[in-house]
Amino acid sequence: AYLDRIEAEDGAVGAYLHVDGEAALERAAAVDAARAAGEELGPLAGLPVALKDVFVTEGVPTTSGSRILEGWRPPYDATVTRRLKDAGTVLLGKTNMDEFAMGSSTENSAYRVTRNPWDLSRIPGGSSGGSSAAVAGGLAPWALGTDTGGSIRQPAAVTGLVGHKPTYGSVSRYGLIAFSSSLDQAGPMARTVLDAAVLHEAIGGHDPRDSTSIDAPLPPLAECARRGAAGDLSGLRVGVVRELGGEGHTTGYEEGVLARFAEAVQLIEGMGAEVREISCPSFDLALAAYYLIAPSEASSNLARFEGMRFGIRVSDDGRHDLDEVMALTRAQGFGPEVKRRIILGTYALSAGYYDAYYGQAQKVRTLITRDFTTAFDDVDVLISPTTPSVAFPLGSRVDDPLAMYAADLCTLPASLAGLPATSVPCGLSEGLPVGLQIMAPALADDRCYSLAAAVE
Ligand code: GLN
(Lines give C-alpha, C1' and ligand atoms only; values in the text may rest on other atoms or scores of the structure.)
Protein backbone atom coordinates (compact mmCIF):
# COMPACT_ATOMS: atom_id res chain seq x y z
CA ALA A 1 0.00 0.00 0.00
CA TYR A 2 2.83 2.41 0.83
CA LEU A 3 4.59 1.60 -2.44
CA ASP A 4 1.36 2.41 -4.29
CA ARG A 5 1.08 5.73 -2.44
CA ILE A 6 4.70 6.53 -3.27
CA GLU A 7 4.06 5.71 -6.91
CA ALA A 8 0.98 7.94 -6.98
CA GLU A 9 2.12 10.87 -4.82
CA ASP A 10 5.87 11.13 -4.67
CA GLY A 11 6.12 12.82 -8.03
CA ALA A 12 4.42 15.82 -6.43
CA VAL A 13 5.90 15.56 -2.91
CA GLY A 14 9.48 14.52 -3.73
CA ALA A 15 10.15 12.83 -0.40
CA TYR A 16 12.35 10.01 -1.66
CA LEU A 17 15.74 9.85 -3.36
CA HIS A 18 15.67 6.10 -3.76
CA VAL A 19 12.88 3.54 -3.61
CA ASP A 20 13.37 -0.13 -4.38
CA GLY A 21 9.86 -1.58 -4.43
CA GLU A 22 11.01 -5.00 -5.52
CA ALA A 23 13.46 -5.32 -2.64
CA ALA A 24 10.80 -4.10 -0.20
CA LEU A 25 8.24 -6.64 -1.42
CA GLU A 26 10.81 -9.43 -1.30
CA ARG A 27 11.68 -8.53 2.25
CA ALA A 28 8.01 -8.33 3.24
CA ALA A 29 7.42 -11.75 1.68
CA ALA A 30 10.37 -13.13 3.64
CA VAL A 31 8.85 -11.82 6.87
CA ASP A 32 5.50 -13.40 5.94
CA ALA A 33 7.21 -16.71 5.19
CA ALA A 34 9.03 -16.60 8.53
CA ARG A 35 5.75 -15.90 10.27
CA ALA A 36 4.05 -18.77 8.46
CA ALA A 37 6.91 -21.08 9.42
CA GLY A 38 6.42 -20.16 13.08
CA GLU A 39 9.87 -18.54 13.37
CA GLU A 40 10.47 -15.96 16.05
CA LEU A 41 9.94 -12.48 14.59
CA GLY A 42 11.44 -9.14 15.52
CA PRO A 43 9.25 -6.68 17.43
CA LEU A 44 8.62 -4.56 14.30
CA ALA A 45 8.28 -7.47 11.87
CA GLY A 46 6.88 -6.39 8.52
CA LEU A 47 6.55 -2.70 9.36
CA PRO A 48 7.76 -0.42 6.58
CA VAL A 49 10.17 2.39 7.42
CA ALA A 50 11.91 5.20 5.53
CA LEU A 51 15.47 6.30 6.26
CA LYS A 52 17.04 9.68 5.70
CA ASP A 53 19.74 9.26 3.07
CA VAL A 54 22.43 10.06 5.65
CA PHE A 55 22.33 6.50 7.07
CA VAL A 56 24.50 4.04 5.24
CA THR A 57 22.62 1.03 3.94
CA GLU A 58 24.49 -1.98 2.62
CA GLY A 59 24.19 -2.20 -1.16
CA VAL A 60 21.58 0.59 -1.28
CA PRO A 61 22.58 3.98 -2.74
CA THR A 62 23.46 6.52 -0.04
CA THR A 63 24.22 10.12 -1.00
CA SER A 64 23.70 12.37 2.04
CA GLY A 65 21.95 14.62 -0.49
CA SER A 66 25.26 15.33 -2.24
CA ARG A 67 26.50 14.85 -5.81
CA ILE A 68 29.86 13.89 -4.43
CA LEU A 69 28.39 10.56 -3.26
CA GLU A 70 26.31 9.93 -6.36
CA GLY A 71 26.30 6.24 -7.22
CA TRP A 72 27.93 5.11 -3.98
CA ARG A 73 26.62 1.88 -2.55
CA PRO A 74 27.97 1.39 0.97
CA PRO A 75 29.55 -1.97 1.79
CA TYR A 76 28.02 -2.03 5.28
CA ASP A 77 25.03 -0.99 7.39
CA ALA A 78 24.87 1.79 9.97
CA THR A 79 24.11 0.45 13.43
CA VAL A 80 20.61 1.93 13.31
CA THR A 81 20.04 0.42 9.85
CA ARG A 82 21.15 -2.93 11.21
CA ARG A 83 18.96 -2.64 14.31
CA LEU A 84 15.91 -1.80 12.23
CA LYS A 85 16.60 -4.83 10.03
CA ASP A 86 16.99 -7.03 13.09
CA ALA A 87 13.69 -5.71 14.42
CA GLY A 88 12.07 -6.97 11.21
CA THR A 89 11.28 -3.70 9.44
CA VAL A 90 11.00 -3.36 5.67
CA LEU A 91 13.01 -0.50 4.13
CA LEU A 92 10.79 1.50 1.77
CA GLY A 93 13.55 3.82 0.63
CA LYS A 94 15.96 6.63 1.36
CA THR A 95 14.60 10.12 1.86
CA ASN A 96 15.74 13.47 0.54
CA MET A 97 17.72 15.87 2.70
CA ASP A 98 19.76 19.03 2.63
CA GLU A 99 23.24 18.22 1.39
CA PHE A 100 25.21 16.73 4.31
CA ALA A 101 22.29 17.79 6.54
CA MET A 102 23.15 21.48 6.19
CA GLY A 103 19.92 23.41 5.97
CA SER A 104 16.41 23.93 7.28
CA SER A 105 14.28 23.49 4.18
CA THR A 106 15.73 20.55 2.17
CA GLU A 107 16.31 23.06 -0.63
CA ASN A 108 20.06 22.41 -0.31
CA SER A 109 19.58 18.88 -1.67
CA ALA A 110 21.64 18.36 -4.80
CA TYR A 111 18.89 16.18 -6.26
CA ARG A 112 15.32 17.39 -5.91
CA VAL A 113 12.84 19.70 -4.26
CA THR A 114 10.73 18.25 -1.47
CA ARG A 115 7.33 19.79 -0.82
CA ASN A 116 5.30 20.03 2.37
CA PRO A 117 2.23 17.79 1.97
CA TRP A 118 0.15 20.38 3.92
CA ASP A 119 0.82 22.96 1.19
CA LEU A 120 2.92 21.96 -1.80
CA SER A 121 4.24 25.49 -2.25
CA ARG A 122 5.96 25.37 1.14
CA ILE A 123 9.08 23.77 2.62
CA PRO A 124 8.87 20.48 4.55
CA GLY A 125 11.56 21.71 6.94
CA GLY A 126 15.07 20.38 6.96
CA SER A 127 17.44 18.90 6.89
CA SER A 128 15.30 15.75 7.39
CA GLY A 129 12.63 17.15 5.05
CA GLY A 130 12.30 14.00 2.95
CA SER A 131 11.49 12.00 6.07
CA SER A 132 8.99 14.58 7.35
CA ALA A 133 7.26 14.84 3.96
CA ALA A 134 7.15 11.04 3.59
CA VAL A 135 5.45 10.53 6.96
CA ALA A 136 3.17 13.59 6.76
CA GLY A 137 2.13 12.64 3.22
CA GLY A 138 1.34 9.04 4.14
CA LEU A 139 4.26 7.73 2.07
CA ALA A 140 5.74 5.96 5.10
CA PRO A 141 4.26 5.18 8.51
CA TRP A 142 7.35 6.56 10.24
CA ALA A 143 10.92 7.46 9.44
CA LEU A 144 14.34 8.21 10.85
CA GLY A 145 15.94 11.60 10.68
CA THR A 146 19.05 13.13 12.15
CA ASP A 147 19.33 16.27 14.22
CA THR A 148 22.49 18.33 14.52
CA GLY A 149 20.89 21.67 15.32
CA GLY A 150 17.20 20.93 14.86
CA SER A 151 16.88 18.76 11.77
CA ILE A 152 14.42 16.31 13.32
CA ARG A 153 12.43 18.74 15.44
CA GLN A 154 11.99 21.58 12.95
CA PRO A 155 10.78 19.43 10.01
CA ALA A 156 8.50 17.52 12.40
CA ALA A 157 7.07 20.81 13.66
CA VAL A 158 6.29 22.24 10.23
CA THR A 159 4.66 19.03 8.98
CA GLY A 160 2.58 18.23 12.08
CA LEU A 161 4.64 15.26 13.27
CA VAL A 162 6.26 14.13 16.47
CA GLY A 163 10.07 14.26 16.26
CA HIS A 164 12.57 13.47 18.97
CA LYS A 165 16.27 14.23 19.21
CA PRO A 166 17.68 11.73 21.72
CA THR A 167 20.29 12.50 24.36
CA TYR A 168 23.65 12.84 22.62
CA GLY A 169 25.38 9.46 22.75
CA SER A 170 22.25 7.40 23.30
CA VAL A 171 21.74 6.43 19.65
CA SER A 172 24.74 5.13 17.71
CA ARG A 173 26.39 7.36 15.12
CA TYR A 174 28.22 4.41 13.52
CA GLY A 175 27.41 4.56 9.82
CA LEU A 176 25.76 7.94 10.08
CA ILE A 177 27.52 10.20 7.55
CA ALA A 178 29.05 12.84 9.81
CA PHE A 179 28.20 16.53 9.65
CA SER A 180 29.17 17.79 13.11
CA SER A 181 30.22 14.84 15.24
CA SER A 182 29.75 16.44 18.66
CA LEU A 183 26.14 17.33 17.78
CA ASP A 184 24.76 14.69 15.35
CA GLN A 185 22.06 12.38 16.70
CA ALA A 186 19.62 10.07 14.93
CA GLY A 187 16.03 9.90 16.04
CA PRO A 188 12.43 9.05 15.17
CA MET A 189 9.84 11.03 13.21
CA ALA A 190 6.31 9.70 13.52
CA ARG A 191 2.61 10.54 13.57
CA THR A 192 2.15 9.82 17.27
CA VAL A 193 4.25 10.06 20.40
CA LEU A 194 3.89 6.33 21.01
CA ASP A 195 5.09 5.49 17.49
CA ALA A 196 8.12 7.73 17.99
CA ALA A 197 8.91 6.04 21.32
CA VAL A 198 8.63 2.56 19.82
CA LEU A 199 10.90 3.46 16.90
CA HIS A 200 13.39 5.12 19.28
CA GLU A 201 13.53 1.98 21.41
CA ALA A 202 14.33 -0.08 18.32
CA ILE A 203 17.39 2.01 17.38
CA GLY A 204 18.74 3.22 20.74
CA GLY A 205 21.16 1.88 23.29
CA HIS A 206 24.87 1.30 23.62
CA ASP A 207 27.05 0.53 20.59
CA PRO A 208 30.73 -0.31 21.06
CA ARG A 209 31.36 0.88 17.48
CA ASP A 210 30.63 4.50 18.44
CA SER A 211 33.22 5.87 20.86
CA THR A 212 30.77 8.51 22.13
CA SER A 213 28.02 5.97 22.79
CA ILE A 214 26.74 6.01 26.37
CA ASP A 215 26.80 2.66 28.10
CA ALA A 216 23.47 2.98 29.87
CA PRO A 217 20.08 1.41 29.22
CA LEU A 218 17.36 3.54 27.63
CA PRO A 219 14.51 4.55 29.89
CA PRO A 220 11.21 2.75 29.11
CA LEU A 221 10.09 5.21 26.43
CA ALA A 222 6.98 3.51 25.04
CA GLU A 223 5.73 2.82 28.55
CA CYS A 224 6.20 6.51 29.45
CA ALA A 225 4.40 7.57 26.29
CA ARG A 226 1.47 5.32 27.22
CA ARG A 227 1.35 6.55 30.81
CA GLY A 228 1.76 10.19 29.77
CA ALA A 229 -1.29 9.96 27.55
CA ALA A 230 -3.45 9.82 30.68
CA GLY A 231 -2.71 13.54 31.03
CA ASP A 232 -2.07 13.77 34.75
CA LEU A 233 0.79 16.24 35.17
CA SER A 234 0.48 16.91 38.88
CA GLY A 235 3.89 17.32 40.46
CA LEU A 236 5.61 18.10 37.14
CA ARG A 237 7.59 21.36 37.15
CA VAL A 238 7.69 22.97 33.73
CA GLY A 239 9.84 25.95 32.76
CA VAL A 240 8.99 28.29 29.90
CA VAL A 241 12.29 29.55 28.49
CA ARG A 242 12.12 33.34 28.59
CA GLU A 243 14.70 33.77 25.82
CA LEU A 244 12.79 31.44 23.46
CA GLY A 245 9.52 33.22 22.88
CA GLY A 246 8.87 33.91 26.55
CA GLU A 247 7.56 37.16 28.02
CA GLY A 248 9.06 40.09 26.09
CA HIS A 249 11.30 37.89 23.89
CA THR A 250 9.04 37.60 20.91
CA THR A 251 10.92 39.35 18.11
CA GLY A 252 11.11 37.12 15.08
CA TYR A 253 8.25 34.87 16.20
CA GLU A 254 5.00 34.69 14.26
CA GLU A 255 1.91 35.66 16.19
CA GLY A 256 0.15 32.40 15.40
CA VAL A 257 3.11 30.43 16.75
CA LEU A 258 3.11 32.41 20.00
CA ALA A 259 -0.67 32.01 20.35
CA ARG A 260 -0.51 28.21 19.96
CA PHE A 261 2.42 28.11 22.38
CA ALA A 262 0.46 30.12 24.98
CA GLU A 263 -2.47 27.70 24.61
CA ALA A 264 -0.14 24.73 25.08
CA VAL A 265 1.18 26.32 28.29
CA GLN A 266 -2.41 26.72 29.53
CA LEU A 267 -3.20 23.14 28.61
CA ILE A 268 -0.16 21.90 30.54
CA GLU A 269 -1.12 23.98 33.56
CA GLY A 270 -4.67 22.69 33.30
CA MET A 271 -3.39 19.12 33.59
CA GLY A 272 -1.84 19.94 36.93
CA ALA A 273 1.74 20.94 36.13
CA GLU A 274 3.41 23.83 37.88
CA VAL A 275 4.57 26.25 35.17
CA ARG A 276 7.00 29.13 35.63
CA GLU A 277 9.23 31.26 33.44
CA ILE A 278 12.94 30.45 33.55
CA SER A 279 15.68 32.65 32.18
CA CYS A 280 18.57 31.11 30.26
CA PRO A 281 20.52 34.21 29.21
CA SER A 282 23.22 32.41 27.20
CA PHE A 283 20.63 30.94 24.82
CA ASP A 284 20.74 34.24 22.93
CA LEU A 285 24.25 33.28 21.81
CA ALA A 286 23.38 29.76 20.67
CA LEU A 287 22.92 30.64 17.02
CA ALA A 288 26.28 32.38 16.78
CA ALA A 289 28.08 29.56 18.62
CA TYR A 290 26.42 26.81 16.59
CA TYR A 291 27.29 28.41 13.26
CA LEU A 292 30.96 28.37 14.25
CA ILE A 293 31.12 24.94 15.89
CA ALA A 294 29.07 22.99 13.32
CA PRO A 295 30.95 24.36 10.27
CA SER A 296 34.29 23.83 12.06
CA GLU A 297 33.55 20.16 12.63
CA ALA A 298 32.08 19.85 9.14
CA SER A 299 35.23 21.27 7.55
CA SER A 300 37.18 18.48 9.20
CA ASN A 301 34.63 15.69 8.58
CA LEU A 302 34.13 16.52 4.92
CA ALA A 303 37.86 16.32 4.19
CA ARG A 304 37.31 12.60 3.57
CA PHE A 305 35.43 13.36 0.37
CA GLU A 306 38.41 13.73 -1.95
CA GLY A 307 37.22 11.78 -4.95
CA MET A 308 39.46 8.83 -4.18
CA ARG A 309 37.51 6.56 -1.88
CA PHE A 310 33.81 7.33 -2.33
CA GLY A 311 31.46 8.55 -5.01
CA ILE A 312 32.34 10.62 -8.03
CA ARG A 313 35.80 11.42 -9.37
CA VAL A 314 36.11 14.29 -11.80
CA SER A 315 38.78 14.55 -14.52
CA ASP A 316 40.20 11.13 -13.94
CA ASP A 317 41.70 11.18 -17.43
CA GLY A 318 45.40 10.96 -16.68
CA ARG A 319 45.99 14.61 -17.54
CA HIS A 320 45.49 15.92 -14.01
CA ASP A 321 47.54 15.28 -10.91
CA LEU A 322 46.13 14.18 -7.56
CA ASP A 323 45.57 17.69 -6.17
CA GLU A 324 43.82 18.80 -9.33
CA VAL A 325 41.50 15.77 -9.34
CA MET A 326 40.59 16.46 -5.71
CA ALA A 327 39.98 20.14 -6.35
CA LEU A 328 37.90 19.52 -9.46
CA THR A 329 35.90 16.75 -7.75
CA ARG A 330 35.10 18.93 -4.76
CA ALA A 331 34.30 21.95 -6.91
CA GLN A 332 31.75 19.91 -8.82
CA GLY A 333 30.65 17.54 -6.06
CA PHE A 334 29.83 20.00 -3.26
CA GLY A 335 26.99 22.52 -3.43
CA PRO A 336 27.18 26.19 -2.39
CA GLU A 337 26.02 25.81 1.24
CA VAL A 338 28.49 23.01 1.89
CA LYS A 339 31.31 25.07 0.39
CA ARG A 340 30.28 28.08 2.48
CA ARG A 341 30.50 25.99 5.65
CA ILE A 342 33.81 24.35 4.76
CA ILE A 343 35.31 27.80 4.15
CA LEU A 344 33.78 29.25 7.33
CA GLY A 345 34.88 26.28 9.43
CA THR A 346 38.40 26.20 8.03
CA TYR A 347 38.71 29.91 8.75
CA ALA A 348 37.38 29.59 12.30
CA LEU A 349 39.85 26.80 13.06
CA SER A 350 42.89 28.42 11.50
CA ALA A 351 45.86 29.71 13.50
CA GLY A 352 45.24 33.27 14.61
CA TYR A 353 41.45 32.92 14.46
CA TYR A 354 40.93 29.78 16.52
CA ASP A 355 40.87 31.66 19.85
CA ALA A 356 38.70 34.46 18.52
CA TYR A 357 36.05 32.24 16.96
CA TYR A 358 36.11 28.52 17.65
CA GLY A 359 37.49 28.93 21.19
CA GLN A 360 34.89 31.59 22.04
CA ALA A 361 32.10 29.45 20.63
CA GLN A 362 33.18 26.53 22.81
CA LYS A 363 33.03 28.80 25.87
CA VAL A 364 29.52 29.86 24.93
CA ARG A 365 28.62 26.21 24.59
CA THR A 366 29.70 25.67 28.19
CA LEU A 367 27.61 28.66 29.33
CA ILE A 368 24.55 27.25 27.58
CA THR A 369 25.07 23.89 29.26
CA ARG A 370 25.33 25.71 32.62
CA ASP A 371 22.08 27.56 31.97
CA PHE A 372 20.38 24.20 31.47
CA THR A 373 21.96 22.73 34.60
CA THR A 374 20.79 25.69 36.68
CA ALA A 375 17.31 25.56 35.14
CA PHE A 376 16.97 21.85 35.87
CA ASP A 377 17.61 22.55 39.55
CA ASP A 378 14.20 24.24 39.54
CA VAL A 379 12.16 22.47 36.88
CA ASP A 380 11.86 18.98 35.37
CA VAL A 381 11.47 20.05 31.75
CA LEU A 382 11.79 23.21 29.69
CA ILE A 383 9.44 24.19 26.88
CA SER A 384 9.40 26.64 23.97
CA PRO A 385 8.01 26.84 20.47
CA THR A 386 9.98 24.48 18.18
CA THR A 387 10.40 27.07 15.45
CA PRO A 388 9.66 30.79 15.24
CA SER A 389 7.49 30.36 12.13
CA VAL A 390 5.27 27.88 10.33
CA ALA A 391 6.48 26.32 7.06
CA PHE A 392 7.67 29.15 4.83
CA PRO A 393 7.25 29.26 1.04
CA LEU A 394 9.79 27.38 -1.07
CA GLY A 395 12.42 29.75 -2.39
CA SER A 396 11.71 32.50 0.13
CA ARG A 397 14.95 32.10 2.12
CA VAL A 398 17.36 30.33 -0.23
CA ASP A 399 19.27 33.50 -1.04
CA ASP A 400 19.47 34.63 2.57
CA PRO A 401 21.49 32.21 4.73
CA LEU A 402 20.91 34.23 7.89
CA ALA A 403 17.11 34.10 7.46
CA MET A 404 17.45 30.35 6.90
CA TYR A 405 19.61 29.93 10.02
CA ALA A 406 16.93 31.72 12.08
CA ALA A 407 14.69 28.65 11.70
CA ASP A 408 16.99 26.98 14.27
CA LEU A 409 16.69 29.63 16.96
CA CYS A 410 14.81 27.45 19.44
CA THR A 411 16.33 24.06 18.69
CA LEU A 412 20.03 24.93 18.97
CA PRO A 413 20.45 25.21 22.76
CA ALA A 414 19.48 21.57 23.42
CA SER A 415 21.76 20.49 20.57
CA LEU A 416 24.77 22.34 21.96
CA ALA A 417 24.16 20.86 25.41
CA GLY A 418 23.54 17.34 24.06
CA LEU A 419 20.12 17.15 25.68
CA PRO A 420 17.01 15.28 24.56
CA ALA A 421 14.23 17.34 22.98
CA THR A 422 10.91 16.55 21.35
CA SER A 423 8.68 18.48 19.01
CA VAL A 424 4.99 17.64 19.36
CA PRO A 425 2.15 19.24 17.36
CA CYS A 426 0.23 21.92 19.28
CA GLY A 427 -2.29 23.20 16.75
CA LEU A 428 -2.42 25.14 13.51
CA SER A 429 -1.68 28.69 12.50
CA GLU A 430 -3.28 29.76 9.23
CA GLY A 431 -3.88 26.11 8.45
CA LEU A 432 -0.27 25.07 9.02
CA PRO A 433 1.15 22.99 11.90
CA VAL A 434 2.90 24.53 14.92
CA GLY A 435 5.25 22.54 17.16
CA LEU A 436 5.85 22.63 20.89
CA GLN A 437 9.40 21.80 21.99
CA ILE A 438 10.04 19.88 25.21
CA MET A 439 13.63 19.70 26.55
CA ALA A 440 14.86 17.49 29.39
CA PRO A 441 18.09 16.66 31.22
CA ALA A 442 20.52 14.16 29.68
CA LEU A 443 19.17 10.61 29.59
CA ALA A 444 15.72 11.78 30.71
CA ASP A 445 14.23 11.29 27.23
CA ASP A 446 11.28 9.63 28.97
CA ARG A 447 10.21 13.00 30.39
CA CYS A 448 9.97 14.38 26.85
CA TYR A 449 7.82 11.47 25.76
CA SER A 450 5.46 11.53 28.70
CA LEU A 451 4.78 15.28 28.50
CA ALA A 452 4.47 15.08 24.70
CA ALA A 453 1.93 12.27 25.08
CA ALA A 454 -0.09 14.39 27.50
CA VAL A 455 -0.11 17.36 25.09
CA GLU A 456 -0.85 15.28 21.98
N1 GLN B 1 19.50 23.88 10.09
C2 GLN B 1 20.69 23.60 10.83
C3 GLN B 1 21.88 23.69 9.92
O4 GLN B 1 21.71 24.02 8.81
C5 GLN B 1 20.59 22.27 11.50
C6 GLN B 1 20.80 21.15 10.57
C7 GLN B 1 20.75 19.83 11.24
O8 GLN B 1 20.28 19.69 12.36
N9 GLN B 1 21.29 18.84 10.55
O10 GLN B 1 22.98 23.41 10.29
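Per an unreviewed UniProt entry, the protein carries the name Glutamyl-tRNA(Gln) amidotransferase subunit A and comes from Trujillonella endophytica. Taken from UniProt, the Subunit (unreviewed entry) comment for the protein reads in full: "Heterotrimer of A, B and C subunits." Turning to the protein, the UniProt annotation filed under Catalytic activity (unreviewed entry) states: "L-glutamyl-tRNA(Gln) + L-glutamine + ATP + H2O = L-glutaminyl-tRNA(Gln) + L-glutamate + ADP + phosphate + H(+)".

Peer 1: How would you summarise the confidence of the model for the protein if you had to cite specific residues and measurements?
Peer 2: Per-residue confidence for the protein averages 97 on the pLDDT scale, and 100% of its residues sit at or above 70. If you check the scores for this complex, the pTM reads 0.98 and the ipTM reads 0.98.

Peer 1: Pulling in residues and values, what's your account of helix H3 (residues 79-86)?
Peer 2: All of the buried residues in H3 are Thr79, Val80, Thr81, Arg83 and Leu84. At its buried positions, H3 is contacted by strand E2 (48-52), strand E4 (142-147), strand E6 (185-190) and helix H6 (193-203). One or two positions beyond H3, positive phi appears at Gly88, with a value near 100°.

Peer 1: Describe the environment of Phe283, naming the residues involved and giving the relevant values.
Peer 2: Note on placement: Phe283 falls in the loop between strand E8 (274-278) and helix H9 (286-301). Considered as a pair, Phe283 and Leu302 are 19 residues apart in the sequence and their alpha carbons are 28 Å apart. If sequence neighbours within four positions are ignored, Phe283 has contacts with Val241, Glu243, Leu244, Ile368, Asp371 and Pro413.

Peer 1: Quick one: what's the story with the site of the ligand, residue by residue and with numbers?
Peer 2: Among the 13 residues in the neighbourhood of the ligand, the closest are listed as Ala101, Ser104, Thr148, Gly149 and Ser151. For the shell around the ligand, the per-class residue count stands at four nonpolar, seven polar and two charged.

Peer 1: Give a detailed account of the environment of Ala454, specifying residues and quantitative values.
Peer 2: When you line up the elements, Ala454 lands in helix H15 (residues 445-455). Excluding residues within four positions of it along the chain, Ala454 makes contact with Gly228, Ala229, Gly231, Leu233 and Met271.

Peer 1: An account of unusual backbone geometry is requested, with residue identities and associated values reported.
Peer 2: Backbone torsion omega between Gly126 and Ser127 reads 5°, so that peptide bond is classified as cis. Looking at the secondary structure, you find Ser127 in the loop between strand E3 (90-95) and helix H4 (129-136). Notably, Thr106 is not glycine yet its phi reads approximately 70°, a positive angle. Along the chain, Thr106 turns up in the loop between E3 and H4.

Parameters and conventions
- Residues numbered from 1 in each chain as written.
- Predicted model: local features only at pLDDT ≥ 70, side-chain atom pairs only at ≥ 80, totals over all residues.
- UniProt positions renumbered as here; feature names shortened; annotations may be inferred.
- pLDDT = per-residue confidence, 0-100.
- Buried ≥ 20, exposed ≤ 12 C-beta atoms within 10 Å, placed from the backbone.
- Helix = DSSP H or I, 4+ residues; strand = E, 2+ residues; numbered from the N terminus.
- Contact = placed C-beta atoms within 7 Å.
- Near = placed C-beta within 6 Å.
- Nonpolar A, V, L, I, M, F, W, Y, C, P; charged D, E, K, R; others polar.

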